[in-house]
Amino acid sequence: MNAGIILLFVALVLFGLLAFKQLSALILAPIVTIVVLVFSALFAGTGIDILGGLKNEFMPAAAKYVQDYFLVFFVGALFGAVYQFTGAAKSIAKFISGFCHGKFVAPIIMTITGILTYGGISGFVVFFVIYPIALQLFREANITRRLLPAAISAGCWTWSMYGPGSPSIQNVIPQNNLGTTSTAAFVPSMIVTIASYIMIFAWLEYRTHSFTKKGCYFDDPRLKTQLTPEELELDEEGESLPSPILAFLPIVLILFLYNAPLFYSAEHNDFRGLPVETACIAGVILAVVLFFTRIKGGVKEWIQVFNKGAADSGVAILNTAIVVGFGGVVKNTQGFTDLINGLQHLSMNPLLFVMITVAVCAGACGSASGGMAVALNALKDIYIKLGAPFPYVHRISAIAAGTLDTLPHQGAQITLLGICKLTHKEAYFDIAITQILIPFIACFMFIGLASMGL
């Protein structure tokens, strides 16, 4: 293996180690980028120009990501804030959890988070909304807390992200880059989405029984951090929440407007749904109308809700964009070029090449959307040259982006583990199975179905 590829591997390891120390991505990405710039220059025997690399490669890549996707993050965060503070998200969660009666608790939590994110609510918002509900259900069923992070995040970052018609950023990026639709490769995509859900459901249920047989229950003194008395209290039974039927309506509206071929697109010369930003704004407006009276204080307090959503969107996109900046530097290194050239010269299915390259970029960036953006921007011409149909490229890249992005340094998982008061050692194994291994299985399933012409 050449020195450039080894450098990329070392940079990835460094990224992970520093993330374990909970270093902010705003600091972490520039630091690792500087390491890559310095050692790339040394290997190439050229002068070291750190400032030039940061200004001419790092920042343009980060800025372009913000330019392209800020509105998607913004409207999604507004929608999530409305659902969080009006109790609409909690209403849906309680409605669905009412069907489990102490059974299939972990898979039910995964189902709830998946439905909410499939409906356009930010995964980070879902974390905070669902955690207290999930904690209560786990306590009532006497299930170990070690499964909490996997149950919550598996719904947010797998099938709900790459399912056909999802308004997720992973489904939007390929549309912008490839000119495809949100339901690209619908039949194999739907089969793989359902299969992914079933596999994750089965794994979480299997692990629930496995932990119980080993004597691991909710109250586990072996866990490093124990819960406070407040966190162990049950929710109030008489809490006033919106009707779950009303809570579902804005989500249904978003999915309908985003996917229904009702509007003519001059750019693509066919009928398509509305842009995801427009569809989400329509959902926000309907949600405000339906739940306006649930925010006490009228317009003044509603402004605070929107302020919170806007602030959340800024933090989310900046953390992702700054990592995309790191990817913008990486794609210009000799090591990255050598890696891609080496993969190109291997005899492999074009979709397998797409899967590997997108997964590697997502792992390097620690971000599914960031890695996908880097891969599609850098390798689109190669994908065209290989002859892979764009609808298939769209879907396989959306699935593959959600594999190696879940390496231990991923910011979202670190955040969730902090919320759940668990360590990587205690909970990461089930995260890796549900969000790395199973999505890779889904990738191979999709490639097989595509090869059959579905």
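Throughout, a residue's number is its position along its own chain's written sequence, starting from 1. In keeping with the model being predicted, local features are shown solely for residues with a pLDDT of at least 70 and side-chain atom pairs are shown and tallied solely at 80 or more, while totals for entire chains, interfaces and linings include all residues. Side-chain measures here rest on the full set of heavy atoms in the structure, leaving out hydrogens and waters.

What about the overall build of the protein?
Then comes step 1: Runs of E in the DSSP output that reach at least two residues are strands. Runs of H or I that reach at least four are helices, and both are numbered from the N terminus. In terms of helices and strands, the protein carries 20 helices and 2 strands.
Then comes step 2: In this setup the radius of gyration rests on C-alpha atoms only. A globule is expected at 2.2 Å times the number of residues raised to 0.38. Over its C-alpha atoms the protein spans a radius of gyration of 22 Å, differing by no more than 12% from the 22 Å that the globule rule assigns to 454 residues.
Then comes step 3: Considered along the principal axes of its C-alpha atoms, the protein spans approximately 70 × 55 × 50 Å.
Then comes step 4: Each of the 454 residues in the protein was classed as buried or not, and the buried ones make up 54%.
Then comes step 5: The contact criterion used is simple: two residues touch if any of their non-hydrogen atoms lie within 4.5 Å. Sequence-distant contacts, at least 24 apart, represent 78% of the contacts inside the protein between residues at least 6 apart.
Then comes step 6: The method behind every accessible area is Shrake-Rupley, applied with a 1.4 Å probe, and residues are considered shielded solely by the protein chains displayed. Accessible surface computed for the protein: about 19000 Å², of which carbon and sulfur atoms make up 67%.
Then comes step 7: Within this scheme the basic residues Lys and Arg register as positive and the acidic residues Asp and Glu register as negative, but His and the chain ends are omitted. In this description, the location of a charge corresponds to atom NZ of lysine, CZ of arginine, CG of aspartate or CD of glutamate. Averaging the locations of the 25 positively and 24 negatively charged side chains of the protein gives two centres separated by 3 Å. With a 1.4 Å probe rolled over the protein chains alone, any residue whose accessible area is under 20% of its type maximum counts as buried; one over 50% counts as exposed, and the rest are partly exposed.

Focus: unusual backbone geometry
Most of the time, phi is negative for any residue but glycine, and the peptide bond is trans.
Then comes step 1: The phi dihedral of F104 falls on the positive side, at around 50 degrees, and the residue is not glycine.
Then comes step 2: Following the sequence through the fold, F104 ends up in the loop between helix 4 (88-97) and helix 5 (105-118).
Then comes step 3: Residue F104 is classed as partly exposed on the basis of its relative accessible area, which comes to 42%.
Then comes step 4: Positive phi, close to 60 degrees, is recorded for K421, a residue that is not glycine.
Then comes step 5: With respect to the helices and strands, the residue K421 is situated in the loop between helix 19 (411-420) and helix 20 (424-451).

Some points on the environment of V32
Then comes step 1: Here V32 shows up in helix 2 (residues 25-44).
Then comes step 2: Once the C-alpha coordinates of V32 and L14 are considered, the two residues, 18 residues apart in sequence, prove to be 7.2 Å apart.
Then comes step 3: Excluding residues that lie within four positions of it along the chain, V32 makes contacts with A11, L14, F15, L18 and F326.

As for the pattern of salt bridges
Then comes step 1: Salt bridges are defined by distance alone: a side-chain nitrogen of Lys or Arg within 4 Å of a carboxyl oxygen of Asp or Glu. Counted under the stated rule, the structure contains 3 salt bridges.
Then comes step 2: In this structure, the salt-bridge partner of K64 is D68, at a minimum N-O distance of 2.7 Å. With a gap of 4 residues between them, K64 and D68 both fall in helix 3 (residues 50-86), about one helical turn apart.
Then comes step 3: Residue K64 is classed as partly exposed on the basis of its relative accessible area of 43%.
Then comes step 4: A relative accessible area of 28% places D68 in the partly exposed class.
Then comes step 5: Between R222 and D220 there is a salt bridge, and its shortest N-O distance comes to 3.0 Å.
Then comes step 6: Among the residues examined, R222 registers a relative accessible area of 56% and is labelled exposed.
Then comes step 7: Note on D220: relative accessible area 3%, which makes it buried.

Digging into the environment of G309
Then comes step 1: Assignment of secondary structure puts G309 in helix 14 (residues 299-330).
Then comes step 2: According to the relative accessible area criterion, G309 is buried, its value standing at 0%.
Then comes step 3: Apart from the residues lying within four places of it in its own chain, the contact partners of G309 are A77, L78 and A81.

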